[in-house]
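Notes for the structure review
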Amino acid sequence: MHVGAVRQGQRVLLVDDLIATGGTLRAGVELVQKAGGKVVEAACIIELPELKGREKLEGLPLFVLVEKEGLRGCSVFGSRSAQVSGWAKSVDS
Ligand SMILES: O=P(O)(O)OC[C@H]1O[C@H](OP(=O)(O)OP(=O)(O)O)[C@H](O)[C@@H]1O
Ligand SMILES: Nc1ncnc2[nH]cnc12
């Protein structure tokens, strides 16, 4: 993150492609806090719920498009679910 990217008191939406153990998002939350901002929500394309990354976020709202359980199959949320579902299936194979 660039110096000065976050202003004092700024509200931040943290976006990443994937949440697995949650360590990356957690580190992002702490970095934004150090810079004086406040992460108000996080968003990811894919969540691997078995790794319980959400728990590391301590109640921070997390929006995900695809919840990927196990090695096969997925459930899909969001307005573009058809496209995302097709894409996730191709990733899965
Ligand atoms: O929830 P976590 O267990 O922290 O994992 C999630 C992170 O893992 C991946 O990054 P990775 O470090 O694999 O490298 P990348 O940035 O090249 O994708 C992914 O892009 C997330 O940033
Ligand atoms: N468990 C995991 N599976 C796929 N990509 C990852 N990136 C970080 N952790 C991962």
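What you see is a predicted model, and the numbers here were worked out from it, not measured in a lab. (Residues numbered from 1 in each chain as written. Chains lettered and ligands numbered in written order. Predicted model: local features only at pLDDT ≥ 70, side-chain atom pairs only at ≥ 80, totals over all residues. Heavy atoms only, no water.)

1. Re the site of ligand 1
All residues adjacent to ligand 1 are Asp16, Asp17, Leu18, Ile19, Ala20, Thr21, Gly22, Gly23 and Thr24. Asp16 has a polar side-chain atom sitting 2.6 Å from an oxygen atom of ligand 1. Within the backbone of Ala20, a nitrogen or oxygen atom sits 2.8 Å from an oxygen atom of ligand 1. For ligand 1, the accessible surface in isolation is 500 Å², of which the surrounding protein chains cover 49%. (Near = heavy atom within 4 Å. Polar contact = N/O pair within 3.5 Å; in protein donor to acceptor, adjacent residues only side chain to side chain. Areas by Shrake-Rupley, 256 points an atom, 1.4 Å probe, with all protein chains shown as cover.)

2. A look at unusual backbone geometry
In the Ramachandran plot, Lys52 falls in the positive-phi region, its phi being about 55° despite a non-glycine side chain. Tracing the sequence through the fold places Lys52 in the loop between strand 2 (38–47) and strand 3 (62–67). (Helix = DSSP H or I, 4+ residues; strand = E, 2+ residues; numbered from the N terminus.)

3. A short note on the nonpolar core
Of all hydrophobic cores here, the largest spans 14 residues; its most connected members are Leu25, Val39 and Leu62. Elements supplying a minimum of two residues to this core: strand 1 (11–19), helix 1 (23–34), strand 2 and strand 3. Residues within four places of Leu62 in sequence aside, it is in contact with Ile19, Leu25, Ala42, Ala43, Cys44, Glu47, Arg54 and Leu57. (Core = buried A, V, L, I, M, F, W, Y, C linked by side-chain atoms within 4.5 Å. Buried < 20%, exposed > 50% of the residue type's maximum accessible area, 1.4 Å probe, protein only. Contact = heavy atoms within 4.5 Å.)

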